[in-house]
Amino acid sequence: MLKTTLKALTAAALLAGSTMMASAQDFTIRATANSNENDEDYDGLVVFKNYVEAASNGAIAVELFIGTQLCSNGAECLQGVADGSIDVYISTSGGASGIFPYVQVLDLPYLMADDRIAEHVLSGDFTRTMRDMALEDSDNSIRLMTIGNTGGWRNFANTQRRVAEPADMDGLKIRTVVADLPQELVKALGASPTPIPWPELFTSFQTGVVEGSKNGITDIMGMKFPDAGLQYVTLDGHAYMGALWWMSNEKFTGMPEDMRRVVVDGFYALQQATFASPKRKSIAAYEEFVAGGGDLYVPTPTQKAAFAEASTPVYDWFKDNVARGPAIFDALTSAVSEAEAEIGAARDADLN
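Residues numbered from 1 in each chain as written. Predicted model: local features only at pLDDT ≥ 70, side-chain atom pairs only at ≥ 80, totals over all residues. Heavy atoms only, no water.

**Digging into the overall build of the protein chain**
Where we set the bar: A run of H or I in DSSP counts as a helix once it spans at least four residues, and a run of E counts as a strand once it spans at least two, with each numbered from the N terminus. Note on contacts: a residue pair qualifies if any of its non-hydrogen atoms lie within 4.5 Å across the two residues. All accessibility values rest on the Shrake-Rupley procedure with a 1.4 Å probe; residue burial counts only the protein chains present in the view.
If you tally the helices and strands in the protein chain, you get 14 helices and nine strands. In terms of overall dimensions, the protein chain has C-alpha extents of about 85 × 50 × 45 Å along its principal axes. Put simply, of all contacts in the protein chain between residues at least 6 apart along the chain, 75% involve residues at least 24 apart. As presented, the protein chain carries roughly 16,100 Å² of accessible surface, and 53% of it is formed by carbon and sulfur atoms.

This is the structure we're talking about:
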């Protein structure tokens, strides 16, 4: 009799607990990434989900949709954020440039020297400036929460020869996205930009439709591009592969302040995870590339300066042709200068 009573009481307690947990979930955040579970975006979302659900004591539930379950491209996904059917979405600059063209500032070459500079810049007021622009241009519907990383740094890779200086780019057919800025960069370096959809790139390398690309090493190895003939990678690090994390502004502002604080801190944790993930994953990717016979070349400081010099016309093109280009260009370059000064002083202090 006692055992039966205890079982009944335990079952009732569990039922009551589950009911309390369900009612405690006052908010649900539907987050999507058009990637897979091997991607930095997924790493960031897992950290975000874990932090937000724990720190809110169950008041916020985070549902993850990895792939194209909710939407399949930048324009479609951002429209979902604007109309409230999607709460959180991650895009590249190319994916968001059709709606917010000035985000292409992240693709301007050779402005940020290394991870430490980039992470400092993207953790500060530059991101808030871009947030304000996006809110204004979306009628306060799409909010930029943070900028992380997705894939490390863009480097030039090709099937034909080692690229050590700009002259080596001459005539190469380089795959780009449809956006104008990457095409302007490729042209400035003397190569031929060729827009190709990502799923068609492997075959395009095999058939010679394109001879090169500008990607991070984890993408190159993840897509097995060396099997299609991509055997030369130049670590010029011309662009930091920024990941723009967007949120429905209505969903965010509809939360009480304590829950908004949890979400903001959750995006900080997500950002840190995506900063770290490519660094770790790139080690094995570079080793695999070299072990397979790949040629990995690091330009000398003089050669890298030559790449930067050859690319300078792209800055003027951006300011002249992209809506709000001058304002966001000034915001980025000012943030970079401040970061260089602060980090330079910190490095000097640590050396003494």
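**A closer look at the state of the cysteines**
The condition is simple: The term disulfide is used for any two cysteine sulfur atoms that are within 2.5 Å.
Within the structure shown, the criterion is met by one disulfide. The disulfide bridge from cysteine 71 ends at cysteine 77, spanning 1.9 Å between sulfur atoms. The chirality of the disulfide connecting cysteine 71 with cysteine 77 is right-handed, given an S-S dihedral of about 100°.

**Describing the pairing of strand 4 (residues 142–158)**
Threshold: Exposure is judged per residue with a 1.4 Å probe applied to protein chains only, and the accessible area is read against the type maximum: over 50% gives exposed, under 20% gives buried, and values in between give partly exposed. Only strands that DSSP links by at least two bridges are regarded as paired with each other.
With respect to burial, strand 4 is a largely interior element, 17 of its 17 residues being buried. Relative to strand 8 (residues 232–248), strand 4 is paired through twelve bridges, and the arrangement is antiparallel. When the bridges of strand 8 are listed, arginine 143 appears paired with methionine 247. Sheet topology note: the strand 4/strand 7 (residues 212–215) ladder contains four bridges and is antiparallel. Directly across from asparagine 155, in strand 7, lies its bridge partner asparagine 215.

**Points about unusual backbone geometry**
Despite not being glycine, tyrosine 110 shows a phi value in the positive range, around 60°. Among the structural elements, tyrosine 110 can be located in the loop between helix 4 (93–96) and helix 5 (115–122). The buried category is assigned to tyrosine 110, whose relative accessible area is 14%.

**Some remarks on the confidence of the model for the protein chain**
What counts here: In predicted models, pLDDT denotes the confidence assigned by the predictor to each residue on a 0 to 100 scale.
Of the residues in the protein chain, 93% have a pLDDT of 70 or more, and the chain-wide mean is 92. Predicted confidence is poor over residues 1–23, with pLDDT under 50, and the contacts of this stretch with residues over four places away or in other chains come to zero contacts.

**With respect to the packing of aromatic side chains**
Applied cut-off: Each Phe, Tyr or Trp ring, with Trp reduced to its six-membered ring, pairs with another whose centre is within 6.5 Å; inter-plane angles below 30 degrees give stacked pairs, above 60 give edge-to-face pairs, and intermediate values give tilted ones.
Overall, the coordinates contain eight aromatic pairs when judged by the stated rule. Between tryptophan 153 and tyrosine 240, the aromatic rings sit 5.0 Å apart at their centres with planes inclined by 75°, giving edge-to-face as the arrangement. Placement of tryptophan 153 in strand 4 and of tyrosine 240 in strand 8 is noted, with a sequence separation of 87 residues between them. Assessed through its relative accessible area of 14%, tryptophan 153 is described here as buried. The exposure class assigned to tyrosine 240 is buried, which follows from its relative accessible area of 3%. Centroid distance tyrosine 315 to phenylalanine 329: 5.8 Å. Interplanar angle 45°. Geometry classified as tilted. Remark: phenylalanine 329 occurs in helix 14 (residues 325–351) and tyrosine 315 occurs in helix 13 (residues 313–321); sequence separation between them is 14 residues. Just as tyrosine 315 is buried, phenylalanine 329 falls in that class too. In this structure an aromatic cluster arises from ring pairing among Phe100, Tyr102 and Trp246.

**Some thoughts on the pairing of strand 6 (residues 192–195)**
Definition in use: Call a crossover right-handed when, viewed with both strands pointing away from you, the route from the first strand across the helix to the second goes clockwise.
As defined by bridge partners, strand 5 (residues 173–176) adjoins strand 6 across four bridges and the pair is classed as parallel. Counted as the bridge partner of threonine 176 is proline 195 from strand 6. Traced from strand 5 through helix 7 (residues 180–188) to strand 6, the parallel crossover comes out right-handed.

**Observations concerning the pattern of salt bridges**
Working definition: two side chains of opposite charge can pair if their charged atoms are close together. Selection criterion: Salt bridge, as used here, is a side-chain nitrogen of Lys or Arg placed within 4 Å of a carboxyl oxygen of Asp or Glu.
Taken as a whole and judged by the stated rule, the model has twelve salt bridges. Here lysine 279 makes a salt bridge to glutamate 119, at a shortest N to O gap of 2.5 Å. Within this pair, whereas lysine 279 is found in helix 11 (residues 257–291), its partner glutamate 119 is found in helix 5, the two being separated by 160 residues in sequence. Accessibility expressed as a relative area gives 35% for lysine 279, which makes it partly exposed. A network of salt bridges, in which partner residues are shared, links Glu136, Asp137 and Arg324.

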